[in-house]
Amino acid sequence: MGNWIINNGLTSFILVIWMGINIFLFVWFYLFYDLGDQFFYTRHLLGSALAWARAPAAVLNFNCMLILLPVCRNLLSLIRGSFMCCGRTMRKQLDKNLSFHKLVAYMIGLMTAVHTIAHLLNVEWYNNSRRGVYGGLSTALSNLSDTDSTTYLNPLRITDIDAQQAPTYIVFTTIAGLTGVIITLALILIITSSMNFIRRNYFEVFWYTHHLFIIFFAGLVFHGAGRIVRSQTVTDPPHNFTICKDRFEEWGRIPECPIPQFAGGFPQTWMWVIGPMVLYLCERLVRFIRYMQQVTYRKIVMRPSKVLELQLVKKGFKMEVGQYVFLNCPSISQLEWHPFTMTSAPEEDFFSVHIRLAGDWTQELISMVETLPEGAQGPKMGVDGPFGTASEDVFDYEVSMLVGAGIGVTPFASILKSIWYKFKDSNPRLRTRKIYFYWLCRETHAFEWFADLLQVLEKEMEERGMGDFLTYKLFLTGWDQSHATHVMVHFDEDTDVVTGLRQKTHYGRPNWDKEFEQVRKENPTAVVGTFLCGPESLAEVLGKKCAKYSDVDPRKTKFYFNKENF
């Protein structure tokens, strides 16, 4: 439990606070509408469905306030990089912004379902009350006319339409009903298109439908303006429902029971969401300004395994290790922006990205640059960023474990390059004293573009007598018989047949228990940062290993898990 708290304690605490606020809002507003005297007559028409409709609405307001904040990338980068009070543990929470965004979205989806079902029941009961199905009091309340002296309770004001069509009439002719249909449809499309399968295989569908959030928030702001849920107002003389509920035939005829008056509640949703909406508008404005800034190509290189390297230059651009940018190519799509981790070091006068062929957008970009004449500038490129990630903190740890899978090696290319520059310049501020680097690939060609950097680092460390500073292990997880035969023939050579490095390539997947045990043994009192850029399945394994091999004793080894999230 202590090991788990080291890596997940603050995250769990934040989630408990968030869930606690949700539960509090639900219970508070449920009791408010279920017990409040001003809603006695409303409850008589609608029953408990009134409280079941309004309590989720309060939770929806809270979560709709939160949903935009985790995707304000510039705001998060400002918090992450500018405020010294934002410690390492808190910065780890900022790296989980998309996970929190999804969690809030799930809550919005659940509460929307409850809210919608309850209101569908409310519409049916409004209709039945209007037609005298539920008795005299319900009929009297529904017949209250909307004049200067009285206000209505039942929003269904007409009776000259078919009973089966009345609910449809309310849904499509009132502000609350029409906006409710629009925002519900928008939400369904947003959630269904966000499934992993669609997001990974049909990214354009995910990207475009996600922009229905504009319609969602516009409808949300106006949804409460219809004031369809109404409560009893104070009159002079007062209408005491405890006395008058059984004397509805005498309403307005005796002084003790004046005709009750009702009013819709003041719309509150806009007050919850206006702040985040303004912040997000500023976010998009900053992105547009960055998009308009000129970007030039320093170099375009087609690497093995269909990996495109772009070296770009942008005036005033400053980066840190492990950061990422969003790229937009108007020649392919005006609206699509895709995240790519930078592989260059902050010490270089350009920034670079490595783009693997995966999907229509990358296919079109690679096809476009392959047809360019030698030395020509590539297509116009918009750049938004840089944005902070977990890998920024790598130099805050005495010991770091870097784990990359496939193209997930890109943030660590930036880190290793920066280390090379720091050693070259004898930077005294380099706190890190040991790095373990693991790279998992399915095919041999993927190693080629990165092996030259490792060769330079290998040579640099040896010349400085720091051969133990960097320990790297490359794992090939896929091979055929011809490759195995080739390796066997050249097994006794000093360098690896795949990479040309002195460190031989390992075949198969790492034994993580063995690797963590080795790191703990070699660093018995260190704080070890474990960084991953790779799939969720590997993240789950490494997260458990960090908890398993961390020691609660502050004098012994502790592992902190960090994962790249886009």
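The numbering scheme is per chain: residues are counted from 1 as the chain's sequence reads. With pLDDT at 70 or above as the cut-off, local features in this predicted model cover only qualifying residues; side-chain atom pairs require 80 or more to be listed or tallied, and sums for whole chains, interfaces and linings still use all residues. Side-chain calculation: all heavy atoms of the structure are included, whereas hydrogens and water are not.

Caption draft 1: The arrangement of the overall build of the protein in detail. Helix and strand labels come from DSSP, where a helix needs a run of H or I of at least four residues and a strand needs a run of E of at least two; each type is numbered from the N terminus. Helix and strand counts for the protein come out as 20 helices and 14 strands. The buried share of the protein, taken over its 566 residues, is 49%. It only takes one pair of heavy atoms within 4.5 Å for two residues to be counted as in contact. Contacts in the protein between residues at least 24 apart in sequence constitute 75% of all its contacts with a sequence separation of at least 6. Methods summary: accessible areas were calculated by the Shrake-Rupley approach with a probe of 1.4 Å, and residue burial reflects only the protein chains presented. Only carbon and sulfur atoms are counted for the fraction: they give 60% of the accessible area of the protein, which is about 27,900 Å². For each residue, the accessible area found with a 1.4 Å probe, counting protein chains only, is set against the maximum for its type, and the residue is called buried under 20%, exposed over 50%, and partly exposed in between.

Caption draft 2: Summary view of the side chain of His101. Inspection of the secondary structure puts His101 in helix 6 (residues 97-130). A relative accessible area of 16% places His101 in the buried class. Not counting chain neighbours up to four residues away, the residues in contact with His101 comprise Ile67, Pro70, Val71 and His210.

Caption draft 3: Representation of the sheet that holds strand 3 (residues 295-303). At least two DSSP bridges between two strands are needed for those strands to be called paired. One open sheet holds the three strands; their spatial order is 3-4-7, and the pairing between them is antiparallel. In this open sheet, the two edge strands, each paired with only one partner strand, are strand 3 and strand 7 (351-356). Averaged over all neighbouring strand pairs, the angle between strand axes comes to 20°, with direction disregarded. Two strands pair when backbone bridges link them, and strand 3 and strand 4 (residues 307-314) are joined in this way by eight bridges, in the antiparallel orientation. Along strand 4, the bridge assignment pairs Arg303 with Val307. Interaxial angles span 0 to 180 degrees and are taken between N-to-C directions of axes, which are lines fitted to C-alpha atoms, for helices over the stretch in contact.

Caption draft 4: Inspection of empty space enclosed by the protein at higher detail. Buriedness for pockets is judged along seven lines, at least five of which must meet protein on both sides within 12 Å for an open set on the 1 Å grid over protein atoms alone, while cavities are sets there where a 1.4 Å probe fits but cannot get out, and lining residues have an atom within 4 Å of a point. Grid points are joined across faces, edges and corners, and a volume is the space filled by probe spheres set on the points. By the definition in use, this model includes one cavity of 30 Å³ or more. Space inside the largest cavity adds up to approximately 140 Å³. Lining the largest cavity are 15 residues, with Leu94, Asp95, Asn97, Tyr324 and Gly388 positioned closest to its centre. In terms of residues, the lining of the largest cavity owes the most to one element, helix 4 (residues 73-82), which gives four residues.

Caption draft 5: The arrangement of the layout of surface pockets in detail. Reported here for the second largest pocket is a volume of approximately 1,200 Å³. What lines the second largest pocket is a set of 49 residues, among which Arg54, Ala57, His115, His119 and His223 lie closest to the centre. When residues are grouped by polarity, Ala, Val, Leu, Ile, Met, Phe, Trp, Tyr, Cys and Pro land in nonpolar, Asp, Glu, Lys and Arg in charged, and all others, Gly among them, in polar. Class assignment for the residues of the lining of the second largest pocket results in 29 nonpolar, 17 polar and three charged.

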